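Here is how the chains run, residue by residue.
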Amino acid sequence: LAFTISLAQLAKQLSLPFLPLYAWTGIWTSGMLLTAALTSTCNIVQYLTRFTDEIFSVLISSIFLFEAITDVAKTFTSPASVATKALLTLVCSMVTFGSALTLKGLKTSTYFTKSLRNNLSNFAPAIGVTLGSLVARAARLKYGVAAAALPVLKLPTQFATTTGRPWWIPLLDLPTWARWGAAVPALLATVLLFLDQNITARLVNNPRYKMTKGRDTQNVLDGMHGDMLVLSALTGLTSVFGLPWMAGATTRSAAHVRSLTIVDSKTGEITGTLENRVSGAAIHALIGACVFFAKPRQLLAEVPLPVLSGVFMYLGFTSLQGLELWERIKGLFQDKSVAPKMRWSVAVPRLTTVVYTGIQMACVAAMMRVTKSKIGVISPLMIAVLPLLRLGLMKSGLVKKESMNVLDG
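Analysis parameters
- Residues numbered from 1 in each chain as written.
- Predicted model: local features only at pLDDT ≥ 70, side-chain atom pairs only at ≥ 80, totals over all residues.
- Heavy atoms only, no water.
- Helix = DSSP H or I, 4+ residues; strand = E, 2+ residues; numbered from the N terminus.
- Rg over C-alpha atoms; globule rule 2.2 N^0.38 Å.
- Buried < 20%, exposed > 50% of the residue type's maximum accessible area, 1.4 Å probe, protein only.
- Contact = heavy atoms within 4.5 Å.
- Salt bridge = Lys/Arg side-chain N within 4 Å of Asp/Glu carboxyl O.
- Axes fitted to C-alpha atoms, helices over the stretch in contact; angles between N-to-C directions.
- Parallel < 35°, antiparallel > 145°, perpendicular 65-115°, else oblique.
- Nonpolar A, V, L, I, M, F, W, Y, C, P; charged D, E, K, R; others polar.

A. Focus on the overall build of the protein. Counting secondary structure elements, the protein contains 19 helices and two strands. Over its C-alpha atoms the protein spans a radius of gyration of 23 Å, differing by no more than 12% from the 22 Å that the globule rule assigns to 409 residues. For the protein, with 409 residues in total, the buried portion stands at 40%. Put simply, of all contacts in the protein between residues at least 6 apart along the chain, 76% involve residues at least 24 apart.

Structure below.
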């Protein structure tokens, strides 16, 4: 989304029609991804490490949290918003976030029966959305629409393009020079989609989830070339229709696989994952139903936007769980004499851990700043240079090789 916004800004600056520019950029991107798939370019993924994976993951989670919190905060600063609606916005978002987070944690608690704990935990986000929506509806019924009506999700009433434009993008509306020039932003889009897809695949296929079906557990590249081929075809198809490009959806994909994990109730350790195709197919079938059928759209149109902000907070926050970078960030503010011992606590000097973590945090902050700026279109290049930064840390002596093997192992 950030890249698309940057592309729209570029089109405005160059006085070019956005959709034809978007389509040509996507066509070029599709061709580059196809080349990457056919030439086994995904082999370079084996040189990516936890250093890059975790910066990228924390970046995506931070964007989710930042956008959600900003949307709620705007209701308190906007002249068009009254205090009662601002407070109701905060309550609905917090009810959604708090209830989903609390129910998610039931899986490792001692409350209720094991079956009930698991079911409440598995459906925690859905229950959170329901509770937040009910709070908003109760406030509207008690205090009236004028005082307690919150903005809701806006969905089209029929299956059509948003503006009523033809489905097929008029490719020839873009000047010839711009059709060739679209290869430049396409190169950046290729880097973004390539890294987003492969880093997400690495995170989802992490050995900690103990998945075995349909893959070689010793091969980190397993299936990536085929994924890239499919991604290439989908990118080309969606581009000519002006639809959003397919992406790895790091936060949601990680949330999906975490929801399928089997956790030991005594130790809290992951013992396996319920590997299946049903949940993924069902998710996309429901999304398709919302696109093609009116009734599901009408149901979603009842969900207040503050409730969605709560969901995004939940996705962003829970996606941080299990990341060693997040554990090290928390460790910066903990008393080391009583803090839980991590695998780097003894093997790596405290100062080295602080420096290494600080640099990763600086990378996340810099990438967020660039993503939100006018030059956000170049943000994929920053991700691509992270392996070089890691090498520079060792070459400069800031982080010794032995410490890097532990922190980034």
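Back to the write-up after that little detour.
B. View of the pattern of salt bridges. Under the defined criterion, the tally for this structure stands at six salt bridges. Between Arg 50 and Glu 54 there is a salt bridge, with its nearest N and O atoms 3.9 Å apart. Here Glu 54 and Arg 50 lie together in helix H3 (residues 50–77), a separation of four residues that amounts to about one turn. A residue is classified by how much of its surface remains accessible, and Arg 50, at 28% relative accessible area, is partly exposed. Given a relative accessible area of 4%, Glu 54 falls into the buried group. Its salt-bridge partner being Glu 54, residue Arg 328 comes within 3.8 Å of it at the nearest N-O pair. Here Arg 328, found in helix H15 (residues 324–331), pairs with Glu 54, found in helix H3; they are 274 residues apart in sequence, far enough to count as distant. As far as the burial class goes, Arg 328 and Glu 54 line up, both buried.

C. Representation of unusual backbone geometry in the model. With a phi angle near 55°, Ser 40 is a residue other than glycine that sits in the positive phi range. As for its placement among the helices and strands, Ser 40 is situated in the loop between helix H2 (18–38) and H3. Taking the relative accessible area as the measure of exposure, Ser 40 reaches 29% and is therefore partly exposed. Not every positive phi belongs to a glycine, and Phe 112 is a case in point at roughly 60°. Positionally, Phe 112 belongs in the loop between helix H4 (83–104) and helix H5 (114–122). The exposure class assigned to Phe 112 is exposed, which follows from its relative accessible area of 54%.

D. Local environment of the packing of H3 against H15. One way to put it is that H3 packs onto H15 with a least axis distance of 9 Å and a crossing angle of 75°. Considered as vectors, H3 and H15 are oriented roughly perpendicular to each other. Each of Arg 50, Glu 54, Ile 55 and Val 58 in H3 lies in contact with H15, whose residues at this interface are Glu 324, Leu 325 and Arg 328. Across the contact of H3 with H15, the residue classes tally to three nonpolar, no polar and four charged.

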